[in-house]
Amino acid sequence: MKPVRPELLAPAGSMEALRAAVENGADAVYLGARAFSARGYAANFSDKELEEAIDYAHLRGVKVYVTANTLLRDGEMEAALDLLCRLKEMGADAVLVQDIGLLSLGRQYVPDLPLHASTQMTLHNSEGALFAKELGIERVVLARESSLEEIKRIGKNSGLETEAFVHGALCISYSGQCLLSSIIGGRSGNRGYCAQPCRKGYRLKKDGKPVKTEGIYLLSPKDLNSSPCIPALLETGIASLKIEGRMKRPEYVAGVVGTYSHLLDRCLEDTKKCSASREEAETLEQLFNRGFTEGYFFENPRGKLMSRLIPYNRGVFAGTVKSYDRRLKRVSVELTAFLSAGDGILFEGTEKDEGWVIRQMYRGNKPVKQAKAGDTVEIPFNVEVRPGSPVYRTLDKELMDTLEKSYTSETFLRRVPVLLKAEVCEGKPLELTLSDYDSNSVTVKSEYVVEKALRQPGEKEQLARQFSKLGNTVFEPETVEVEVQGEVFVPVKEINQLRNRAVSELEELRIARGKRKPCPESGIKLPESGIKLPKPATCPQPEQPLLAVSVYSPGELAEAIEGGADLLYYGEGLFCSGKGRDRDKAFHFEADYENAVRLVRAAGRKVFFKTPRIVKDSEMPAVDEILDAAKTLAADGVLVSNLGVFRLAKARGIPVILDSPLNVFNSYSLDFFCRKGAEKVTLSPELTLEEIRPLAAAGPAEAIVHGRLELMESEHCVVGGLLGGKKKRCTAPCKSGNYSLVDEKNYEFPLVMDPACRMHLLNSKALCMLEHVPKLLDAGVASIRIETLGMSGEEKEEQGIRKLTRRYRAAIDNYLEKGKAGTGTCDKLGKGFTTGHYFRGVK
């Protein structure tokens, strides 16, 4: 069976990029409004520009998806819903969302606007996709870490359209699960303002000692290039192939979209023609690359995923430095590629890998504007470069000029085929029907009445040529049918006027068909100031605030109980603790749940079993074991971190507490999960104390108050990629010690691995809110949590989980009894703590 052509989805960070995408073969574009877009630093689109963009694309048969895929504060929700209403009226084909509160309200208030689940929702398993489908999602943008087999399985199991990134920049963390930019500089990736700290330099340490590595950009992945994977992608039944790049220039969009469009056309015609030509491959490489990878489509690429030496665009290798003339300040380069004046080049051997635009170039002391491979040229450059240093062409001026013409020329590359039928009858008005293949058709008649020819009558072929002159319009006549009755005479002016009217009306019809009724006519009451949302219903709250502690071993569990914890989150087996994973055994989590329940019950406390935040379909049986244990042993429930496990647990009738990776950032999201059956919701650690108040009022909310926050979870293990050998199977160096990454400011971030060989990067500083417990309880939280993951042996010895728990126990008890702080402050627990975002928030 011949594969169906998937949609080619292109980025548009500006109107120029939109035109570049459309003119070069995109089937759809995605773009952002000025607010609530996950690319806050892109130019993005005003309301007026959004409507212009949608009309431009729809006229040419291209769909437009608008991104509203950031987490929203309570005070932003009404404005976000107003945006959805305007987008519905403008005719946006769908809106991408991350925030579960906006998703649920969008389905309620704007039911006829299609919604897609952004990759920021971290959907990566079939259960999660089914959960999204039940909420009214029509398409899921799957995690970039999904394999082709997983894409195929999730689409089949859920019945949803699937979309995946196929080209462009990769994130080292699962999207929606990264707090690194947020914690380091207050710029949140979940709010559209990632500062890309993963592209900075880091040093690896083992047990406190430096580990020598090739390159320092240990968190910087190569760029995704799936052009060799097109046949395999087609076999998955994927609905949409997505190109990353809303921050890229229009020429990049033009070149990448054009290449993939041609590849798809050829591949569907003949699978033997699926390979990119040498010229196409070089175009992709030239436009932008940090080195290329096929990502996780076929296997875990391990170390091959990373660009550790260069975290920026390296372009095309263009030659090698032979010498540097200090007197003339010229670099002598032996070329392996074509160079011309206006090209951008990069010298890798300089202190800062200096870039340069070629203004002058000499061959044999004679100025030249161009030089070919094999030539030796001298290029003026003020910084000395070592002989042997690689030279890269980072910008090809001729290529960029050609690509620019593709979307700025007055002659359109993209045309809409139409059927043209004209009736020319003596004594009657001219009649012209213009139809497209999208079931749009217009018929216009002239005021002019066709006259009898006094001399030579108009020939049918001559009339057909005149009617088919669609000129500089988006339409292209595919068939022209002219019916002539009698010996007729028609002035060219009349034909032109009628044809222009038909074109104008068909253009208006194609644009108008995408428009929808304004929100008020759909039942939403919109006062002049916009949507006014009712406050979320208040879910049942506990009688008094509780103390929760996350622990990962029987010993830690006993200490937390002795310290006075009310709730225990038991995560034994979720992290390796130096043991690594035995890949010869079936994947599961090693944990003695029976003993844990016995200990907790004997102390009269409650226990919830922790589940992982990332669970692929192939790993779901291991989570089933945790759920079975919770039910069989009558545990109080489970702590869940992804939508798939939430759906599975609720289907089993197991009580659920939501963990922070589900990014509950507003009271509408909290209320949604309460209504879906969550007993309690752990709040996003990016919220401030003041922002917590409305959430805590909407339902039982938990705040993490102590411990190292997990800043990212990555399918790529830095330690295994560097030290685990070159073969497909890692040698598990994580078994041999404790590893950490040290940034350029000497902050040290502990690394923890899990049985699935994923890497978890923890904050360099532990959170401590001991002296601020009264403020949190005043804000109305139902419980506070101590997180013990990543505590070093020294920290455990100095603080001790028992001692730590007692401190927070005392703080809660003193507050309940006297309304004041407990015994001591963070200073008595050690040094180097942080209060996270509780007092500074995020952008």
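All values derive from a computational prediction rather than experimental measurement. The numbering scheme is per chain: residues are counted from 1 as the chain's sequence reads. Whole-chain, interface and lining totals are the exception, using all residues; otherwise, since this is a predicted model, local features are given only for residues with pLDDT of at least 70 and side-chain atom pairs are given and counted only at 80 or more. Note that water and hydrogens are dropped before the side-chain values are worked out from all heavy atoms of the structure.

In this section: the overall build of the chain. Helix and strand counts for the chain come out as 23 helices and 41 strands. The C-alpha extent of the chain, read off along each of the three principal axes, is 110 × 75 × 50 Å. A fraction of 72% describes how many contacts in the chain between residues 6 or more apart in sequence connect residues 24 or more apart. Accessible surface is estimated by sampling points in the Shrake-Rupley manner with a 1.4 Å probe; for residues, cover comes only from the protein chains shown. Accessible surface, the chain as shown: approximately 35,300 Å² in total, 48% of it carbon and sulfur. Each charge class in the chain was averaged separately, 119 positive and 116 negative side chains, and the resulting centres sit 4 Å apart. Under the DSSP-based scheme used, a helix requires at least four consecutive residues in state H or I and a strand at least two consecutive residues in state E, with every element numbered from the N terminus. Two residues qualify as a contact provided that any one of their heavy atoms is within 4.5 Å of a heavy atom in the partner residue. We treat Lys and Arg as the positive residues and Asp and Glu as the negative residues; His and chain ends play no part in the count. Here the site of a charge means NZ on Lys, CZ on Arg, CG on Asp, or CD on Glu.

Pairing of aromatic rings covers Phe, Tyr and Trp, the last counted by its six-membered ring, and requires centre-to-centre distances within 6.5 Å; plane angles under 30 degrees mean stacked, over 60 mean edge-to-face, and any other angle means tilted. In this structure the tally under the stated criterion is eleven aromatic pairs. Relative to F646, the ring of F131 lies with its centre 5.7 Å away and its plane at 85°, an arrangement referred to as edge-to-face. Separated by 515 residues along the polypeptide, F131 in helix α5 (residues 126-134) and F646 in helix α17 (residues 643-651) bring together distant segments of the chain. Accessibility expressed as a relative area gives 5% for F131, which makes it buried. A 1.4 Å probe rolled over the protein chains alone gives each residue an accessible area, and that area as a share of the maximum for its type sets the label: buried under 20%, exposed over 50%, partly exposed in between.

At least two bridges found by DSSP between two strands is the condition for calling them paired. Strand order in the open sheet made by the six strands is β9-β8-β37-β38-β39-β36, with antiparallel pairing throughout. Both edges of this open sheet fall to β9 (209-211) and β36 (710-714), since each of them pairs with a single strand only. Put simply, the sheet's adjacent strands are angled 30° from each other on average, direction ignored. Every axis in this analysis is a line fitted to C-alpha atoms, fitted for helices over the stretch in contact. Angles between the N-to-C directions lie between 0 and 180 degrees.

With that settled, consider the state of the cysteines. Cysteine sulfur atoms are paired as a disulfide whenever they come within 2.5 Å of each other. A complete count under the given rule lists three disulfides for this structure. For C85, the disulfide goes to C519, at an S-S distance of 2.2 Å. Between C85 and C519, the S-S dihedral sits near -105°, and the bridge is therefore left-handed. With a gap of 434 residues between them, C85 in helix α3 (residues 77-90) and C519 in the loop between α13 (492-512) and β29 (546-551) connect regions that are remote in the sequence. The same class applies to C85 as to C519, namely buried. Cysteine pairing in the chain follows 1-4, 2-3, 5-6, where each cysteine in a disulfide is numbered by its order in the sequence.

All right, on to unusual backbone geometry then. Despite not being glycine, N44 has its phi angle at roughly 60°, a positive value. Tracing the backbone through its elements, the reader meets N44 in the loop between β2 (28-32) and α2 (47-59). Take N44: its relative accessible area is 5%, and that puts it in the buried class. Despite not being glycine, Q196 has its phi angle at roughly 55°, a positive value. Among the secondary structure elements, Q196 is positioned in the loop between α7 (180-185) and β8 (203-206).

We now examine the pattern of salt bridges. Side chains that differ in sign of charge can pair as their charged atoms come close. For this analysis, a salt bridge means a side-chain nitrogen from Lys or Arg found within 4 Å of a carboxyl oxygen belonging to Asp or Glu. Summed over all chains, the structure comprises 53 salt bridges. A salt bridge links R266 to E280, with the shortest nitrogen-to-oxygen separation between them at 2.9 Å. With R266 in helix α9 (residues 250-269) and E280 in helix α10 (residues 278-287), this residue pair connects regions lying 14 residues apart in the sequence. When its relative accessible area of 11% is taken as the criterion, E280 is described as buried. With a closest N to O distance of 3.7 Å, K610 and E787 form a salt bridge. Of this pair, K610 sits in strand β31 (residues 606-610) while E787 sits in strand β41 (residues 783-787), placing them 177 residues apart in sequence. On the basis of relative accessible area, K610 is assigned to the buried category, the value being 8%. When salt bridges that share partners are traced, they join K610, D659, K680, E702, R785 and E787 into one network.

Helix length check: helix α16 (residues 620-632), at 13 residues, gives a terminal C-alpha distance of 18 Å against a target of 18 Å (1.5 Å per residue), a fit within 8%. Within the span of α16, buried status applies to M620, A622, V623, I626, L627, A629 and A630. After α16 finishes, the residue A634 shows a positive phi value of roughly 60°. Given the number of residues in a helix, its expected span is that number minus one, multiplied by 1.5 Å.

Further remarks concern the sheet that holds strand β24 (residues 429-436). Strand order in the open sheet formed by four strands is β25-β24-β23-β27, with mixed pairing between adjacent strands. Two strands bound the open sheet, and with one partner strand each, they are β25 (441-449) and β27 (475-485). Taken over all neighbouring pairs, the strand axes of this sheet differ in orientation by 15° on average, direction set aside. Strand direction decides the pairing type here: strand β23 (residues 416-425) and β27, joined by ten bridges, are parallel. Bridge pairing links A422 to V482 in β27. Sitting on the sheet, helix α12 (residues 460-467) is in contact with β23, β24 and β27, with an inclination near 145° to β27.

Right, let's talk about the environment of L762 for a bit. Positionally, L762 belongs in strand β39 (residues 759-762). Looking at L762, the relative accessible area reads 0%, which means it is buried. Measuring from C-alpha to C-alpha, the distance between L762 and F749 comes to 5.6 Å, with 13 residues separating the pair along the chain. Among residues more than four places away in sequence, those in contact with L762 are R708, L709, E710, L711, F749, P750, V752, L789 and G790.

Helix length check: α2, at 13 residues, gives a terminal C-alpha distance of 18 Å against a target of 18 Å (1.5 Å per residue), a fit within 8%. Those residues of α2 lying buried are L50, A53, I54, D55, Y56, A57, H58 and L59. Residue G61 follows α2 closely and has a positive phi angle near 80°.

This part is about the packing of α5 against helix α6 (residues 148-158). Helix packing for two helices is described by the angle between their axes and how far apart those axes are. In the contact formed by α5 and α6, the axes pass within 9 Å of each other and the chain directions differ by 40°. When the axes of α5 and α6 are compared, the pair comes out oblique. Our pair here, α5 against α6, has a crossing hand that is right-handed. Here α5 contributes S126, A129, L130 and K133 to the contact with α6, which in turn contributes R153, I154, N157 and S158. Throughout this description, any angle smaller than 35 degrees is read as roughly parallel, any larger than 145 degrees as roughly antiparallel, any in the 65 to 115 degree range as roughly perpendicular, and the remainder as oblique. A crossing counts as left-handed when the near helix is turned anticlockwise from the far one by less than a right angle, and as right-handed when that turn is clockwise.

Bringing the confidence of the model for the chain into the picture now. Atom-level detail of predicted coordinates should not be read off regions where pLDDT is low. A residue's pLDDT is simply how confident the predictor is in it, with values from 0 to 100. Put simply, the chain has an average pLDDT of 93, and 96% of its residues get 70 or more. Here residues 578-585 is modelled with pLDDT under 50, and outside its nearest four sequence neighbours on either side it reaches 13 contacts, counting other chains as well.

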